[in-house]
Amino acid sequence: MHSKESNLKLVVVGLLLGILMSAMDNTIVASAMGTIVSDLGGLDKIVWVTSAYMVMVMAGTPIFGKLSDMYGRKRFFIFGLIVFLIGSALCGTAQSITQLSIYRAIQGVGGGALMPIAFTIAFDIFPAEKRGKLIGLFGAVFGISSVLGPLLGAYITEYVGWQWVFYINFPIGIVAFILIAISYKESIEHSKQRIDWGGAFTLVASVICLMFALELGGNQYAWDSTVILGLFAGFAIFLLAFIFIERIVAEPIISFAMFRERLFATSSVTSLFYGSAFIVATIYIPIFVQGVFGGSATNSGLILMPMMIGTVIGSQTGGLLTTKTSFRNIMLLSVVCFLAGVYSLSTLTPDTSRLLLNAFMLLTGFGVGFSFSVLNMASIHNFGMRQRGSATSTSTFMRSLGMTLGITIFGIIQRNSFTSSLSNAFGGSAQAASFGDTRAALTPEARAKIPAPVLEKISSALSSSIAHTFMWALVPAVLGLVFVLLMPKDRITLPAKAPQAADAKR
């Protein structure tokens, strides 16, 4: 809802810039990751740079969604922008992978407010018949940011310094801040409600316990060690406490009652599986290109471009189709393309041509692109104004949960597969250790110093581990298909046309 003083065009530009900045953050960092690791070290902690951000986005998303329903969208969107920019400034000063991960978590707190609230404001200020096109545009900006991110990240990393992949957020964030602060005049009445702090704390605690258990287990601690078993116990206890609290509080962060709505439930769970499968591509394709093809950061940024172009096309197509057919029919087309794309990526080898990899990327991006526009619209389709923030943020939360679990679980799969392949290739852990510093294989300068036979073995091991990881990523993609098939045949209706029809009959 908005008052007449809102300048809709400027509000939309401000929201699009907010989405551009937060969405670009994942891909701009991914394309610079090889250089960051080469500079700071800590390849074994690489997943934390992304997962720290995702954990906080995931934890913050439902909280900010609920707060925006209670107290208005504008103040929390602006809060998200400010925190995101503070986090970006800190990231540029990081001296180690651990420091960078902590600062990325601060960025994630801001990111948790930006994406879902931007979509919710769009639904508030535009009628149903205009939403499909607008949300398609939002999804397209998400895709464009994913194209721009790798290219910008690669160029900045190569010619300026990786720190500037974070500082670049400032001009975008400041313009978005000014546009929303001045142009968006919110007039929604806010009711004083209690904030579910108990739910917020137990949710964050359970996620953090799970992430640390999965990341440290089998690596720094044995799976049956007291530390890991304690973390899993903590996850279970906090999760049960969260479920209990959400069932008894008046204003829960995540309303389980919403999941009784079949379209909301199926679209939200589909978001979870899409997120977990797609994040594998955005993280491991740049690493594949740098480590296997031997390209620079620029090459790895360029190689992601076909996937992101596919995402833009898929998102726009999905948004436009929402007024023509059911959400389920659109997502069936999406999931078939997505499955085919993920499967094709599981066939990667050092001999795969660039052209073929581009085709795989395009197909995967096209398939996932639909989900950015269609699943967001489906999730709030049957809810009113006062529930939209919660509905959008819960759906976004599910995607973030999928991405966070995907980063961690598939990170473990890739790491174990790579270690095993290296050990086999070098006939023992001693040789593997002496030649297997994989971050050395990620920069052209370091690759030049490695003997060709050794480099070939490292590249082959990295390639097979990434292909193996994509094969496992088919599991959530197939589960996504199952839940798409379970979606009802709801579609957007355009009630505005009814009076026009009546006038025509007269």
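## Here's the deal with the overall build of the protein
- In terms of regular secondary structure, the protein is built from 19 helices and zero strands.
- Evaluated residue by residue, the protein yields a buried proportion of 59% over its 506 residues.
- A separation of at least 24 residues holds for 84% of the contacts in the protein among residues at least 6 apart in sequence.
- Total accessible area computed for the protein in this model is approximately 19600 Å², and 67% of it derives from carbon and sulfur atoms.

## Considering the nonpolar core
- Grouped together as the largest cluster of nonpolar side chains are 140 residues, with contacts concentrated most on F138, I285, L345 and L357.
- Considering each element in turn, this core owes the most residues, 19 residues, to helix 10 (residues 262-293).
- Residue contacts for F138: discarding those within four places in its chain leaves V12, L15, L16, I19, A118, F119 and A122.

## Comments concerning a nonpolar patch on the surface
- On the surface, I82, I86, I106, I174, F177, I178 and I182 cluster together to form a nonpolar patch covering roughly 590 Å² of accessible area.
- Mapped onto the nonpolar patch, the elements with two or more residues apiece are helix 3 (73-91) and helix 7 (169-183).
- In terms of residue count, helix 7 provides more of the nonpolar patch than any other element does, four residues in total.
- Here I178 is to be found in helix 7.
- Owing to a relative accessible area of 43%, I178 belongs among the partly exposed residues under this scheme.

## Looking at the packing of helix 10 against helix 12 (residues 305-321)
- Close contact between helix 10 and helix 12 brings their axes to 10 Å; oriented N to C, the two are set at 145°. Here helix 10 contributes F278, A281 and T282 to the contact with helix 12, which in turn contributes M307, M308 and T311.
- Counted by class, the contact of helix 10 with helix 12 contains four nonpolar, two polar and no charged residues.

## Points about the confidence of the model for the protein
- Looking at the protein as a whole, the pLDDT averages 81, with 87% of positions reaching at least 70.
- Model confidence for the protein, summarised as mean pLDDT per element, is weakest for helix 19 (residues 497-505) at 43 and strongest for helix 13 (residues 327-345) at 94.
- This model gives residues 496-506 a pLDDT under 50, and the stretch forms one contact once residues within four places in sequence are excluded.

## Thoughts on the packing of helix 13 against helix 18 (residues 452-485)
- With their axes 8 Å apart at the nearest point, helix 13 and helix 18 run at an angle of 165° to one another. By the angle between their directions, the pair helix 13 and helix 18 is classed as roughly antiparallel. When the axes of helix 13 and helix 18 are compared, the crossing they make is left-handed. Between helix 13, through R328, M331, L332, V335, F338, L339, V342, Y343 and L345, and helix 18, the contact on the second element is made entirely by A467, F470, A473, L474, A477, V478, G480, L481, V484 and L485.
- Residues that form the contact of helix 13 with helix 18 fall into these classes: 17 nonpolar, one polar and one charged.

## Quick notes on the environment of I182
- If you trace the backbone, I182 turns up in helix 7.
- For the pair I182 and L10, spaced 172 residues apart in the sequence, the C-alpha separation amounts to 9.1 Å.

## Thoughts on the environment of F278
- Among the secondary structure elements, F278 is positioned in helix 10.
- Apart from residues lying up to four places away in sequence, F278 is in contact with M307, T311, F338, T364, V368 and F372.

Thresholds, definitions, all that
Residues numbered from 1 in each chain as written. Predicted model: local features only at pLDDT ≥ 70, side-chain atom pairs only at ≥ 80, totals over all residues. Heavy atoms only, no water. Helix = DSSP H or I, 4+ residues; strand = E, 2+ residues; numbered from the N terminus. Buried < 20%, exposed > 50% of the residue type's maximum accessible area, 1.4 Å probe, protein only. Contact = heavy atoms within 4.5 Å. Areas by Shrake-Rupley, 256 points an atom, 1.4 Å probe, with all protein chains shown as cover. Core = buried A, V, L, I, M, F, W, Y, C linked by side-chain atoms within 4.5 Å. Patch = residues over 30% accessible without salt bridge, like charges linked within 9 Å, V, L, I, M, F, W, Y side chains within 5 Å. Salt bridge = Lys/Arg side-chain N within 4 Å of Asp/Glu carboxyl O. Axes fitted to C-alpha atoms, helices over the stretch in contact; angles between N-to-C directions. Nonpolar A, V, L, I, M, F, W, Y, C, P; charged D, E, K, R; others polar. pLDDT = per-residue confidence, 0-100. Parallel < 35°, antiparallel > 145°, perpendicular 65-115°, else oblique. Left-handed = near helix turned anticlockwise from the far one by under 90°.

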